[in-house]
Amino acid sequence: MSKISVSIREKPIITVTDDDFIYNITLGRITKLDGSKVGFVNIGGYLVYKHEGKMIKVHRKIYEVGTGLPIPKNLFVCHKSGCKTDNRFRNLHLGTNTQNQEERGKQQNNISGHKNIRRFKKKWRVDIQVNGIKNYYGYYENINDAIIARNKVIDQLNLNGHRFIVEYPNII
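Not measured: the values here are computed from a predicted model.

Here is what the cut-offs are and how they apply
Residues numbered from 1 in each chain as written. Predicted model: local features only at pLDDT ≥ 70, side-chain atom pairs only at ≥ 80, totals over all residues. Heavy atoms only, no water. Buried < 20%, exposed > 50% of the residue type's maximum accessible area, 1.4 Å probe, protein only. Helix = DSSP H or I, 4+ residues; strand = E, 2+ residues; numbered from the N terminus. Pairing = 2+ DSSP bridges. Contact = heavy atoms within 4.5 Å. Axes fitted to C-alpha atoms, helices over the stretch in contact; angles between N-to-C directions. pLDDT = per-residue confidence, 0-100. Patch = residues over 30% accessible without salt bridge, like charges linked within 9 Å, V, L, I, M, F, W, Y side chains within 5 Å. Areas by Shrake-Rupley, 256 points an atom, 1.4 Å probe, with all protein chains shown as cover. Salt bridge = Lys/Arg side-chain N within 4 Å of Asp/Glu carboxyl O. Lys, Arg positive; Asp, Glu negative; His and termini not counted. Charge placed at Lys NZ, Arg CZ, Asp CG, Glu CD. Core = buried A, V, L, I, M, F, W, Y, C linked by side-chain atoms within 4.5 Å.

Requested: an account of helix H1 (residues 58-67), with residues and values cited.
Listed in full, the buried residues belonging to H1 are Val 58, His 59, Lys 61, Ile 62, Tyr 63 and Val 65. Gly 68, located one to two residues past H1, shows a positive phi value of around 80 degrees.

I'd like a description of the sheet that holds strand S7 (residues 54-57), backed by residues and values.
Where strands meet in a sheet, backbone hydrogen bonds hold them as pairs that are either parallel or antiparallel. In spatial order, the strands read S5-S6-S7; together these three strands make up an open sheet with antiparallel pairing. Of all strands in the sheet, those with a lone pairing partner are strand S5 (40-41) and S7, marking the two edges. Pairing of strand S6 (residues 47-51) with S7, which is carried by four bridges, proceeds in the antiparallel orientation. Note on S7: the bridge partner recorded for His 51 is Lys 54. Contacts from H1 reach S6 and S7, with the element oriented near 70 degrees to S7.

Please give an account of the confidence of the model for the chain that cites residues and values.
With 81% of its residues at a pLDDT of 70 or more, the chain shows a mean pLDDT of 81. No element of the chain has a lower mean pLDDT than strand S1 (residues 3-8), which averages 50, and none a higher one than S7, which averages 92.

Please provide a residue-by-residue account of a positive patch on the surface, values included.
The grouping of Lys 57, Arg 60, Lys 73, Lys 84 and Arg 104 at the surface amounts to a positive patch. With respect to the secondary-structure elements, Lys 57 resides in strand S7. You can call Lys 57 partly exposed: its relative accessible area is 33%.

So what about the sheet that holds strand S11 (residues 123-130)? Which residues, and what values?
Overall, antiparallel pairing links the three strands, which are arranged S10-S11-S12 in an open sheet. The sheet is open, and its two edges are formed by strand S10 (117-120) and strand S12 (133-140), each paired on a single side. Pairwise comparison of adjacent strand axes, ignoring direction, gives a mean angle of 35 degrees for this sheet. One ladder, built from four bridges, connects S10 with S11; its direction is antiparallel. Its bridge partner lying in S11, Phe 120 is registered against Lys 123.

Please provide a residue-by-residue account of unusual backbone geometry, values included.
The phi dihedral of Lys 121 falls on the positive side, at around 50 degrees, and the residue is not glycine. Relative to the helices and strands, Lys 121 is located in the loop between S10 and S11. With a relative accessible area of 70%, Lys 121 lands in the exposed category. A positive phi angle, close to 65 degrees, is found at Lys 122, a residue other than glycine. When you line up the elements, Lys 122 lands in the loop between S10 and S11.

Can you tell me about the pattern of salt bridges, naming the residues and giving the values?
By the definition in use, this model includes four salt bridges. Among the ionic pairs, Asp 127 bridges to Arg 118, the shortest N-O distance being 3.3 Å. Residue class for Asp 127 comes out buried when judged on its relative accessible area of 1%. Overall, the relative accessible area of 34% leaves Arg 118 in the partly exposed class.

Could you give an account of the nonpolar core, with specific residues and numbers?
Note that soluble globular proteins tend to have their nonpolar side chains buried in a common cluster. One finds Phe 21, Tyr 23, Ile 25, Ile 30, Tyr 49 and Ile 62 to be the most contacted residues of the largest nonpolar core, which totals 14 residues. At four residues, H1 tops the list of elements feeding residues into this core. Sequence-distant contacts of Phe 21, defined by excluding residues within four places in its chain, comprise Val 16, Ile 30, Thr 31, Lys 32, Leu 33, Val 38, Tyr 49, Lys 50 and His 51. Core analysis: the next-biggest nonpolar cluster, separate from the first, contains six residues, Ile 117, Ile 143, Ala 146 and Ile 147 among them.

Following this line, the structure appears as structure tokens:
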């Protein structure tokens, strides 16, 4: 990286420039030197761009540029908010595979519409995997009861140092 600039507006905007791109660390964006956008959202939901024949995930590059260090092979760059396209540096952190999985959103084939709640034998089951072990937290006739139970469990797990994303949807 050859040039670092900071512009002061309402909030500081930090950008780093190399021979090919401008990396906006504050906003989590990468543009070409002429200001044109680069990249697209891939099938996994991540922003990616092509550089020297390789597809690069924007969040990984923003983290590397922001810290000035390479990402260790055994760690992942995780999104604190759970939003794969929110690549602001303040929303990124290093984590293990387990931590990264805890922050995942709901699966596309999820029929309950809520993470960690599954239909099982005509009831709603709350199950959460912690440190590679799946734990079951009850069966509920009503999905609203399952949502409330799941949220209480996740709140408790987060107090114990985990980083689960809590959804507080409107109760049906």
